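# Tertiary structure, described
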Amino acid sequence: MPTFRLEYKDDMHGVAKYLDFEALDAGAALKIAKQEAKGRWGRLSQDGQFLCDLEHLDSGDANLWVVSPSGEHALP
């Protein structure tokens, strides 16, 4: 099973941190990341390879993600 990492930099929304976890695929990883990523840009990688920067928007019952494949948002 692949290992994913969700990583945050120290910013005005919180301290630098990371979360390592296993998931079947990137879709399953988003279900786990949803609990951590609200209102804050995070960097998602799989087995050490960058996938994307992402932010989960909390808008009621909607499951909304903002995704940046370029790596410009979460970490320098």
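Preceding block: the structure.
Residues numbered from 1 in each chain as written. Predicted model: local features only at pLDDT ≥ 70, side-chain atom pairs only at ≥ 80, totals over all residues. Heavy atoms only, no water.

## What to know about the overall build of the chain
When helices and strands are counted, the chain shows one helix and five strands. Moving toward the C terminus, one meets the helices and strands of the chain in the order β-β-α-β-β-β. Looking at the chain residue by residue over its 76 residues, the buried ones come to 30%. Counting only carbon and sulfur atoms, one obtains 51% of the accessible surface of the chain, whose full area is about 4,800 Å². (Helix = DSSP H or I, 4+ residues; strand = E, 2+ residues; numbered from the N terminus. Buried < 20%, exposed > 50% of the residue type's maximum accessible area, 1.4 Å probe, protein only. Areas by Shrake-Rupley, 256 points an atom, 1.4 Å probe, with all protein chains shown as cover.)

## Here we look at the packing of aromatic side chains
Enumeration over the complete set of coordinates arrives at one aromatic pair. The aromatic ring of Y18 is capped on one face by R5, whose charged end is 3.8 Å from the ring centroid. (Phe/Tyr/Trp six-rings, centres within 6.5 Å; stacked < 30°, edge-to-face > 60°. Lys NZ or Arg CZ within 6 Å of the ring centre and 35° of its normal.)

## Observations regarding the nonpolar core
Core analysis: the largest hydrophobic core is formed by 10 residues, namely F4, L6, Y8, F21, A23, A29, A33, L44, C52 and L54. Of all the elements, strand β1 (residues 3–8) adds the most residues to this core, at three residues. Beyond its immediate chain neighbours, meaning those up to four positions away, F21 contacts P2, T3, F4, L6, A29, I32 and L44. (Core = buried A, V, L, I, M, F, W, Y, C linked by side-chain atoms within 4.5 Å. Contact = heavy atoms within 4.5 Å.)

## Describing the pattern of salt bridges
For the structure shown, the criterion picks out two salt bridges. The residue D20 makes a salt bridge to R5 at a minimum N-O spacing of 2.7 Å. Separated by 15 residues along the polypeptide, D20 in strand β2 (residues 17–22) and R5 in strand β1 bring together distant segments of the chain. (Salt bridge = Lys/Arg side-chain N within 4 Å of Asp/Glu carboxyl O.)

## What to know about the side chain of R43
Structurally, R43 is set in strand β3 (residues 42–46). At 2.9 Å, the side chain of R43 and the side chain of D53 are in polar contact. (Polar contact = N/O pair within 3.5 Å; in protein donor to acceptor, adjacent residues only side chain to side chain.)

Distances and angles like these do not, on their own, reveal function.
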